[in-house]
Amino acid sequence: MNVCVFPTPEDTARAAAKAFARAAGVAVAARGAFHVALSGGSTPRMMYRELRTLPDVPWEGVHIYFSDERSVGPDSPESNYRLAHDELLAHVPVPERQIHRMEGERRPLEDAARDYAALLPERLDVVLLGMGDDGHTASLFPGTAALTAGGRVAANWVPKLGTGRLTFTFDEINAARERWLLVTGAGKADVLREVAAGEGDYPVARIRDPLWYLDEAAAGKLGR
Ligand SMILES: O=C1O[C@H](COP(=O)(O)O)[C@@H](O)[C@H](O)[C@H]1O
């Protein structure tokens with residue numbers, strides 16, 4: 001595992017925010033654009049708060065996508081887009097036309113998945129991900145149909161939540177140049193230990209060569 005461990009969740013979020021700024025600078029200098037997918041979750045939220053304070057992010061070249069979305073509209077407190085908007089996008093000069101939210105309010109959700117796949121760039125630079133304490137990442141939950149979906153984006157029924165989600169497929173995530181997993185808190189330590197040991201059958205274990213940003217609590221059972 002390619003792991004970076006920091007003392008606290010705030011330190012973890014700050015390090016990931018600085019890495020975002022660096023990666024954006026490199027991508028914009030090399031290719032004229034930085035295509036990044038955001039996610040929801042507690043650790044990404046902290047990272048967005050850090051990121052909006054950083055100078056020298058070339059926001060005019062940043063293109064924002066989402067790795068998953070709940071089946072709600074953009075104003076819902078459950079919306080991953082709203083989280084990113086309120087904590088980051090409303091505070092930085094990224095051009096509006098370069099922000100691509102998933103339309104979680106559309107029905108059927110399959111139509112939203114199809115249309116979102118069509119607007120994605122050929123290849124994302126970075127996909128930011130969180131991990132739930134059941135080992136889900138994006139909205140790829142254990143035992144759900146999207147785990148075997150082809151294509152780039154899927155509508156996924158999640159029985160344990162009694163709701164649908166939109167999510168990148170593994171193919172889409174694993175085709176990106178980089179995947180960063182931001183995970184903090186002792187509640188994630190057991191799953192992380194199993195994933196590191198190749199035990200269990202967790203969706204997050206199918207992410208190819210991720211860079212893990214962890215705090216000490218999440219990494220506490222890795223036996224480093
Ligand atoms: O449902 C979701 O949860 C995961 C993990 O969230 P966390 O609060 O446990 O960090 C997140 O990555 C995903 O985007 C979100 O929709």
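Per chain, residue numbering runs from 1 following the sequence as it is written. Totals for whole chains, interfaces and linings use all residues, but because this is a predicted model, local features are given only for residues with pLDDT of at least 70 and pairs of side-chain atoms are given and counted only at 80 or more. Calculation of side-chain values draws on the structure's entire complement of heavy atoms; hydrogens and water are dropped beforehand.

### Examining the sheet that holds strand β1 (residues 2-6)
In short, DSSP must find at least two bridges between two strands for them to pair. The numbering of helices and of strands both runs from the N terminus, where a helix is a DSSP run of H or I of at least 4 residues and a strand a run of E of at least 2. The strand order across the open sheet built from six strands is β1-β9-β8-β5-β2-β3, with neighbouring strands paired in parallel fashion. The open sheet is flanked by β1 and β3 (62-66), the only strands paired with a single partner. Adjacent strand axes in the sheet meet at a mean angle of 20 degrees when their direction is disregarded. Relative to strand β5 (residues 126-129), strand β2 (residues 34-38) runs parallel, the two sharing two bridges. Pairing of Val36 across the sheet is with Val126, part of β5. Against the sheet, helix α2 (residues 42-51) engages β2, β5 and β8 (178-183), with an angle of about 105 degrees to β8. All axes are obtained by fitting lines to C-alpha atoms, using only the stretch in contact for helices, and the reported angles, taken between N-to-C directions, cover 0 to 180 degrees. Residue contacts follow a heavy-atom distance rule, with two residues in contact if any of their heavy atoms lie within 4.5 Å.

### Concerning the site of the ligand
Close to the ligand lie 14 residues; Gly40, Ser42, Asp68, Arg70 and Lys188 are nearest. Take Gly130: an N or O atom from its main chain is 3.2 Å from an oxygen atom of the ligand. Within the contact set of the ligand, an oxygen atom lies 2.9 Å away from a side-chain nitrogen or oxygen of Lys188. For the ligand, the protein covers 87% of the area, taking 390 Å² as the surface of the free molecule. For this classification, the nonpolar set comprises Ala, Val, Leu, Ile, Met, Phe, Trp, Tyr, Cys and Pro, the charged set comprises Asp, Glu, Lys and Arg, and every other residue, Gly included, is treated as polar. Residues of the shell around the ligand, tallied by class, amount to two nonpolar, eight polar and four charged. The nearness test applies per residue and asks whether one of its heavy atoms lies within 4 Å of the molecule or strand. In protein, a polar contact means a hydrogen-donor-capable atom and an acceptor-capable atom, both N or O and within 3.5 Å, with residues adjacent in sequence counting only if both atoms are side-chain atoms; elsewhere, any N or O pair within 3.5 Å suffices. Accessible surface is estimated by sampling points in the Shrake-Rupley manner with a 1.4 Å probe; for residues, cover comes only from the protein chains shown.

### Considerations on the UniProt feature "domain: Glucosamine/galactosamine-6-phosphate isomerase" (unreviewed entry) in the protein chain
As recorded in UniProt, the feature "domain: Glucosamine/galactosamine-6-phosphate isomerase" (unreviewed entry) lies at residues 8-208. Segment residues 8-208 splits into 33% helix and 17% strand. End C-alpha atoms: 26 Å apart. UniProt positions are given in the numbering used here, feature names are shortened, and annotations may be inferred rather than shown by experiment.

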